[in-house]
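Report on the structure
Okay, here's what each chain looks like letter by letter:
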Amino acid sequence: MSALIWKELRENFKWALLAMLVLGTAELGGLCMGSDADYFYNHGITLCRESFLLVTTFGPPAIGFLLGCLQIIPELNRDRWAALLHRPIPWGTLFFGKAIAGILLYLVAAGVPYLGCVWLAATPGHFAEPFVPGLMLPGIADLITGLVYYFAALLAALQYGRVAFRVLPLFAAVHLTFFVQRATDFNDAVWAAVWMTVALGIAGWGAIYSREQLRGRPWLSQLALLIVSFYGLCGLTDFARLIVRPGDDYSFTGSQYVLNDEGRPLRLNYQRGVLVSAQETDGSTPSDPKYKPDRVRNHIRYLNSASSYIGDSHGVQRFRKDSHYRSSYNYLHPGGSFPQPQPEQWFFIVEPRILVGISTPRKTIAAILDARGFQPPGATPVPFAANVEIQSMGQDSDLLVGPDNLRFADLARRTVADIPLPIPSPIYGVCSAWANDDVSTNLQITAISLRTAMAVYDNKDQHLMATLPYHRDVERWGQIEVTLNSQGDRFYLWYKPTLWISRKEREGMPDYLDEMTAQGEVVHSYTLPPLPRTPSQQTRDEYLSLRLQSPAFFFGTLLYQKVGALLGSHRLRVGLDARFAENRISQTREAATLIPIFSLVCAGITLAWARRAHFSWAQAATWAGLALALNIAGLLLFRFVADWPRVVPCAACRCPRPIERQTCPHCADHWPAPASNGTEIFDHHTHPLSS
Amino acid sequence: MNMPPVIEIDRLTKYYGTREIVRDLSLKVSPGTIYGFLGRNGMGKTTTIRILLGIEDPTRGSTRVFGQDSQKLAPETRARIGYLPEGHHVYGWMTVKECGRFQASFFPKWNQEIFEAVITHFRLEPKMKASHLSRGQRAGLCLAMTLAPEPELLVLDDPALGLDPVARRSLLQSMLYVTRQPNRTILFSSHLLSDVERVADRIAVLDGGTLRADCTVERFRESLRHYVLKFDAIPPPAPALPGLLESFRTDRELALTFANATSDTEAQLASLRPAGIEPVQMTLEDAFVSYVGERGEKTFFMRDLEHK
């Protein structure tokens, strides 16, 4: 095998080197592009920067694909391939020899540039942004995705005879890309990529034994090819959807409450994502023309959420983070940064929980803020406790929110001071808010959710502006959003049902809105009855894809979510709740009824079709079983992946007969021996020519 | 002692799509035999060889080499088979020496002396790059790589294809080296009948995917007869006689080629009342061309030219 690996390495090393240079240049460009101008870090930080991830999303897959093709296609010359296969080593060794060399070449071509970028981002002096290992995760996921494309190319190049054999492995890789891009958790993305690589590798190993058909491959490889082909169909569907519906189709139909700039709630009605009307809470049309549907959005106050519950948490986290592993916010986020370039930029590092200040001109660490206070660069940090949250409170200042205390950090002066709470209480949440109705006032506050009241601090000098007592049952309406007017003398608290209450119950509960003075008196109060839930509208492709999905996957996921919810998984319970929410339950029920029916129909068609095409009963039943489990995908796999018997007319009965079978299924006739015409020359052997 | 055959092909049938390439082919090759595998292009020779080596699978029937099913040839069995595919492909970026070293790494039994002897015979330098070799030199290099593992069975697929006479002769000489070893078996397909005549003990002829002849070279040559019948007037059309391969009718002559002609055939020819019957000795090449060429009657009349 070593000779084979050596040969592959020598043959393709130049291409790997070229790819390394091209990818390295592109990644470097992506890493440095716009890094000095994105002061809000909206486009990500170093290795999570959008421009860099754009390169890693497409670069490694392209390299993997080209390397896979380069290793196989030039060898596929009929005689060269025959000479290669005739070498006295197992064909599996031949495949894995190529694959090992390919992986090494891939690591040179895609891994080395990436490591170079990691070194650049991790070494002080290059970027005015700190480096944490978590920033590498999206790139690592993309690198593994590139391997999927490598094995997909090997498989597609090895197989021939059917378009599906070439197309489906590539679309399986496309489907994997969609998954890796959408997955929120790094582990999910990487495991999916690893499993797909393994499936493609096993399918490729089998393809070297029989390039044209399933028959002749090891059973494990046949199974792997079916899995790959199934995901290939999924990828094809993803791709088709992307073409049919390229953007996010926001087609919300229903109503929602908003707060207008006069402090009154309005009801906005949407039809397929289009705002069609605005109403007062009593159902009348607002008299002021500025609340007409085309202008009302410019006259709305936006509220920020200060808490998701008050009191007993029922297992809900105080500060919920639903970050995506490809977002740098998952690993660090700016603290106290502002649009203009600062001499120092501060970042909150999620692990270890510390704040790091980076000197912008020198691009090195200027100071660290940890549980002990400010530390010089190089000091071993002591992380903040897990229940301490960081809330930016304006330029060069952060609020350290503990379980029942507040501390104010002045990042420029390097001081930390306690901020007294108006009442001793646990802290349930914190948020910033500002008056968006008058941009000139620049009034910004920080709202702290306490047990019985909301404490409001001015971001400018951290003085307590107001203590707003709750006038609702916050045990059940503990999801509180807050905003204020531009004069700073009116505060608006919007009470929504607490997050731990089940979705179904929440949908029947009203919202409350209180307009309050700084002294905590309620000026106006509104009860907002629950809005009717319109069943979510499905597009045609959503409708079809829901009903034609695999029953094995549909019921399997349902069972998984149910068991997970019973075992206490919040994530799975949310997923299960979403399926049985009021506006979705009819769809779920309909799908649960129709999916098995469609699957049965597909299985019936497959069975009939297979028998008609001269598959044996066992083969036909196997394919029908697959259609029963996978619905339309099973039927399509049967059509495009199965080894269809080739038929020719029977010489005796003229009916079509499979060429592989010794006897005609209609007349049981054997194949006739070649006819003799008297010109045959044989000596001692007996030959089956018929006279 | 009756030794088991090295190659056994039993009712082999191969389709590409629904096109039949090889039909019901049965053949046995005994140890120590040099078998010429003949046929026109596209008649199924290469396909048969590839099925024999397990590179392709048969549609029906079976093939065995050294008693092992071709579809399950163990690497050890493959090491006993030298295979030279047509086209003489080598990795162009390797030198002659590297080609040898690369090939040697796969074979447990590698005779470097044979390798060097063959490349010297073809005037190849170890440092020459494979991509710079002439077609004949490349063939020599491939042959050296095929012969050096000292295979018990040598399968050559049209080894002389595209070579000039000198290179062909060199190739043949090298190939004959193997035949000097006892019990070495060679199966080679070729179009070049002079080469076949020189080395083959037996031949098998494929025509339209069907085995039409399997015999010694002498038997093949003897089985084909060519008669020239001279007439005083325009000859009659060729009669439909058993074994008639082709006929050629001119203004005064009728030339007929037969397979398996008997005394009955000659008697029936005499019944045409020609002025004379002249049996003509055929070379193997003529015999082969007649055997696998277009069947039926061809004519050539001077009067047709005059009319034009």
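Quantities reported herein were computed from a predicted structural model and do not represent experimental measurements.

Focus on the sheet that holds strand E4 (residues 300-301) of chain A
All names here are of chain A. The four strands are arranged E3-E2-E1-E4 in an open sheet whose pairing can be described as antiparallel. Across the chains shown, the open sheet's two edge strands, defined by having one partner strand only, are strand E3 (274-280) and E4. Bridge count between strand E1 (residues 254-260) and E4: two bridges; the pairing is antiparallel. Along E4, the bridge assignment pairs leucine 259 with arginine 301.

Some words on the side chain of glutamine 159 of chain A
All names here are of chain A. Structurally, the position occupied by glutamine 159 is in the loop between helix H5 (137-158) and helix H6 (163-182). What makes glutamine 159 buried here is its relative accessible area of 0%. When sequence neighbours within four positions are dropped, the list of residues in contact with glutamine 159 reads Phe165, Arg166, Pro169, Ala207, Arg211, Arg217 and Leu225.

Some words on the interface of chain A and chain B
Contact with chain A, which involves 47 residues of that partner, is made by 60 residues of chain B. Counting the surface lost from both chain A and chain B, the interface buries some 4700 Å², and carbon and sulfur atoms represent 55% of this. Considering only the surface of chain A that becomes buried against chain B, His86, Pro88 and Ile681 of chain A emerge as the three largest contributors, covering 17% of it. Seen at the junction of chain A and chain B, the total is two salt bridges. For the interface between chain A and chain B, the tally reads 20 residue pairs in polar contact (both at pLDDT 80 or more).

What about the nonpolar core?
Within the largest apolar cluster, 189 residues are counted, with the highest numbers of intra-cluster contacts made by Leu141, Phe220 and Tyr291 of chain B. Tyrosine 291 of chain B has contacts with Thr679, Glu680 and Ile681 of chain A together with Val205, Asp207, Arg212, Ala213, Phe220, Leu224, Leu245 and Ala259 of chain B, leaving out every residue within four places of it along the chain. Counting residues in hydrophobic clusters, the runner-up holds 31 residues, among them Leu468, Val474, Leu484 and Trp500 of chain A.

Regarding the side chain of arginine 326 of chain A
Residues and elements named next belong to chain A. Mapped onto the elements, arginine 326 comes out in the loop between strand E5 (304-307) and strand E6 (332-335). Residue arginine 326 is classed as buried on the basis of its relative accessible area, which comes to 8%. Side chain to side chain, arginine 326 and threonine 57 meet in a polar contact 3.3 Å long. The residues touching arginine 326, leaving out its near neighbours within four places in the chain, are Cys48, Leu53, Thr56, Thr57, Pro138, Asp142, Val180 and Gln181.

A word on a nonpolar patch on the surface
Together, Met1, Phe96, Ile100, Leu104 and Leu107 of chain A give the surface a local cluster of nonpolar side chains, amounting to about 410 Å² of exposed area. Structurally, leucine 107 of chain A can be placed in helix H4 (residues 91-122).

A closer look at the sheet that holds strand E4 (residues 60-65) of chain B
Residue and element names in this part refer to chain B. In space, the four strands of this open sheet follow the order E2-E1-E4-E5, with antiparallel pairing throughout. Looking at the sheet topology across the chains shown, the edges are occupied by strand E2 (19-29) and strand E5 (68-69). Across five bridges, the pairing between strand E1 (residues 7-16) and E4 is antiparallel. Bridge pairing in E4 places isoleucine 7 opposite valine 65. Sheet contacts for helix H1 (residues 45-52): E1, E2 and E4; angle to E1, the most-contacted strand, approximately 120 degrees.

A word on helix H5 (residues 135-147) of chain B
Residues and elements named next belong to chain B. For H5, with 13 residues, the first-to-last C-alpha span of 18 Å sits near the 18 Å given by 1.5 Å per residue. Most of H5 is tucked away, with 11 of its 13 residues classed as buried. Of all the positions in H5, only Gly136, Gln137, Ala139, Gly140, Leu141, Cys142, Leu143, Ala144, Met145, Thr146 and Leu147 are classed as buried.

Focus on the pattern of salt bridges
By the definition in use, this model includes 35 salt bridges over all chains. Here glutamate 98 of chain B ties to arginine 10 of chain A by a salt bridge, and the two come within 2.7 Å at their closest N and O atoms. A residue pair is termed interchain when its members come from two chains, as with glutamate 98 of chain B in helix H3 (residues 96-104) and arginine 10 of chain A in helix H1 (residues 2-32). Members of the salt-bridge network, linked through shared partners, are Lys7, Glu8, Glu11, Glu75 and Lys98 of chain A.

Section: the confidence of the model for chain B
Parts of the model with low pLDDT should not have their predicted coordinates read in detail. All names here are of chain B. In this model, chain B carries an average pLDDT of 84, and 93% of its residues clear a pLDDT of 70 or more. The element-level mean pLDDT for chain B is lowest in helix H11 (residues 302-307), coming to 57, with E5 highest at 94. Interface confidence for the predicted complex, given as ipTM, is 0.85, next to a pTM of 0.85.

Rules used throughout
- Residues numbered from 1 in each chain as written.
- Chains lettered and ligands numbered in written order.
- Predicted model: local features only at pLDDT ≥ 70, side-chain atom pairs only at ≥ 80, totals over all residues.
- Heavy atoms only, no water.
- Pairing = 2+ DSSP bridges.
- Helix = DSSP H or I, 4+ residues; strand = E, 2+ residues; numbered from the N terminus.
- Buried < 20%, exposed > 50% of the residue type's maximum accessible area, 1.4 Å probe, protein only.
- Contact = heavy atoms within 4.5 Å.
- Buried area = accessible area lost by both parts, 1.4 Å probe.
- Salt bridge = Lys/Arg side-chain N within 4 Å of Asp/Glu carboxyl O.
- Polar contact = N/O pair within 3.5 Å; in protein donor to acceptor, adjacent residues only side chain to side chain.
- Core = buried A, V, L, I, M, F, W, Y, C linked by side-chain atoms within 4.5 Å.
- Patch = residues over 30% accessible without salt bridge, like charges linked within 9 Å, V, L, I, M, F, W, Y side chains within 5 Å.
- Areas by Shrake-Rupley, 256 points an atom, 1.4 Å probe, with all protein chains shown as cover.
- Axes fitted to C-alpha atoms, helices over the stretch in contact; angles between N-to-C directions.
- Expected span 1.5 Å × (residues − 1).
- pLDDT = per-residue confidence, 0-100.

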